[in-house]
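Structure assessment
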Amino acid sequence: MNERRTRYPGPISEAADHPHTLVDQGFAEDAVLATVLDRYPAELFDINLYDYDEAGQVSLRTGARGRLSGEALLEAIKQGRLWVNLRSLETGWPELWAAAMDEFRKIQATYPGLRAVRNAGQLILSSPKARVPYHFDAAGVVLFHMRGRKRIYVYPGDERRLPERNMEQVVARQTTEELPYDLAFEREAQIIDLEPGRALTWPLYAPHRVENLDRFCVSLSMDFQTWPSRFRNGALFTNAVLRSRGGRPRCTDAMGTPELAARWAASLALKRAGLLKSRIAHFERDFEPQIGAADGAGEIRA
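This write-up is about the structure you can find in this document. (Residues numbered from 1 in each chain as written. Predicted model: local features only at pLDDT ≥ 70, side-chain atom pairs only at ≥ 80, totals over all residues. Heavy atoms only, no water.)

Within a sheet, each strand pairs with its neighbour through backbone hydrogen bonds, oriented either parallel or antiparallel. Within the open sheet, the 10 strands sit side by side as β1-β10-β7-β12-β5-β4-β2-β3-β13-β14. Their pairing is mixed. On the outer flanks of this sheet lie β1 (16-19) and β14 (297-298), each paired with one strand and no other. As defined by bridge partners, strand β2 (residues 45-52) adjoins strand β4 (residues 83-86) across 4 bridges and the pair is classed as antiparallel. Within the sheet, the bridge partner assigned to Phe45 lies in β4 and is Leu86. Strand contacts of helix α2 (residues 70-79): β2, β4, β5 (118-126), β7 (140-147) and β13 (285-289), with the helix running at about 75° to β5, the strand carrying the most contacts. Here helix α4 (residues 94-108) sits on the sheet and contacts β1, β5, β7, β10 (198-201) and β12 (217-225); the angle it forms with β12, its principal contact strand, is near 65°. (Pairing = 2+ DSSP bridges. Helix = DSSP H or I, 4+ residues; strand = E, 2+ residues; numbered from the N terminus. Contact = heavy atoms within 4.5 Å. Axes fitted to C-alpha atoms, helices over the stretch in contact; angles between N-to-C directions.)

Now for the pairing of β2. Pairing geometry for β2 and strand β3 (residues 58-63), over 6 bridges, is antiparallel. Counterpart to Ile47 in the pairing with β3 is Gly63. Turn length for the β2-β3 hairpin, with the two strands adjacent in sequence and antiparallel, is 5 residues, and the turn residue Gly56 shows positive phi of about 80°.

Let us now look at the packing of aromatic side chains. The final tally for this structure, using the stated rule, is 12 aromatic pairs. On the basis of an interplanar angle of 70° and a centroid distance of 6.0 Å, the ring pair of Phe136 and Tyr205 is categorised as edge-to-face. Separated by 69 residues along the polypeptide, Phe136 in the loop between β6 (131-135) and β7 and Tyr205 in the loop between β10 and β11 (208-212) bring together distant segments of the chain. Residue Phe136 is classed as buried on the basis of its relative accessible area of 0%. For Tyr205, a relative accessible area of 1% translates into the label buried. Aromatic pair Tyr181 and Phe185: ring centres 6.0 Å apart, planes at 90°, arrangement edge-to-face. Take Tyr181: its relative accessible area is 14%, and that puts it in the buried class. For Phe185, a relative accessible area of 4% puts it in the buried group. Members of the aromatic cluster, joined through ring pairs, are Tyr134, Tyr155, Tyr181 and Phe185. Seen from the ring of Tyr153, Arg209 lies directly overhead, with NZ or CZ sitting 3.8 Å from the centre. For the cation-ring pair, Lys271 lies above Phe237, with the distance from its terminal atom to the ring centre recorded as 5.0 Å. (Phe/Tyr/Trp six-rings, centres within 6.5 Å; stacked < 30°, edge-to-face > 60°. Buried < 20%, exposed > 50% of the residue type's maximum accessible area, 1.4 Å probe, protein only. Lys NZ or Arg CZ within 6 Å of the ring centre and 35° of its normal.)

Inspection of every chain in the model, using the stated rule, returns 20 salt bridges. The residue Asp17 makes a salt bridge to Arg198 at a minimum N-O spacing of 3.0 Å. Separated by 181 residues along the polypeptide, Asp17 in strand β1 and Arg198 in strand β10 bring together distant segments of the chain. Relative accessible area serves as the criterion here: at 29%, Arg198 is assigned to the partly exposed category. (Salt bridge = Lys/Arg side-chain N within 4 Å of Asp/Glu carboxyl O.)

Written out as C-alpha cells, the structure is:
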C-alpha cells in the first residue's frame, strides 16, 4: 500500500470533506423529519442497537418500526442509543434525493475520472451516544451530514485491515458489513469531525467506524457505483462462490480489468442460478423504539 491509504485504484485517495446546502434547505428540521417518519414504509427501516466489549468487539440487536408516531419515534431516537436507517431514499423521500443528487454532482466534479453509474441512499437518524462499528461499504460513499456532530475514523485499506475473504462474504451477503477489528488499528486512523453542512468522501472500500459526539445526528449516506467498482464487486462475489465450493481464488487486487470484468459477468450468471443464498435477508427483530425505555429499545408489542 502507498500514500493513497488503499490498495485499490480510484480517484479518491484519502478522506476529505466538502460543503453542501442540504441543511439550508430545511431537510433536517424536527417537523420535517417527523412527517417523513410518519409516511416512510416500515419495511425500509433498519433499526440497530450496537454493544461493545472492552476490546471493541461488537454485538448487534435489530428492531422493528413499531407503532409510534413520527414525532414520538424521533423523540425515542433522541433519548436512546439507536441507529436508524431509512433505506431507498431515492423513492422514500424524492425531494431530498433530488437535492442530494445536485450536491453529489458538484462533489463528483472535484474528482477527475469519477463517473458514477448508479446511486442509492439512506437517511440516518442516530442517538446522541450511538456508534457504528468497524466496517466497509461495497460501494463509493458520500456522507452528507446535516445535524449534530460526528467523528469518523477512516483506516488504510490493506489486507490486514480489509481482508478480501471478509469482503467476499459481505458482497455475497453471507455476513453483515462488520470486519475483524483490533484496537491496534487506531494508530493508523484518519480522524475527521464532521459538522452540519459538510459531506465526507473516502477511498473505495476504506474501513471506517463512526461515533456521534453527544448530539442527535442526521445524515444522508449516498452509495455510488462506478464500472470499476461493479467489476470488482462481481469478482468478489464470484470468488465467494468459488471459495464456498472449495476453490482458492486469487485476490482481486492481482487482477487486471479484463479479468475483473469477466468475473463480474460470471457473477451475473451465478446470481441468476441462486448458487449462494443470502444469509442476512431476515434478521430476528427483538425490540421496537420506545420513549423512556433503556437505550430507547422497548419490548415488541403484538
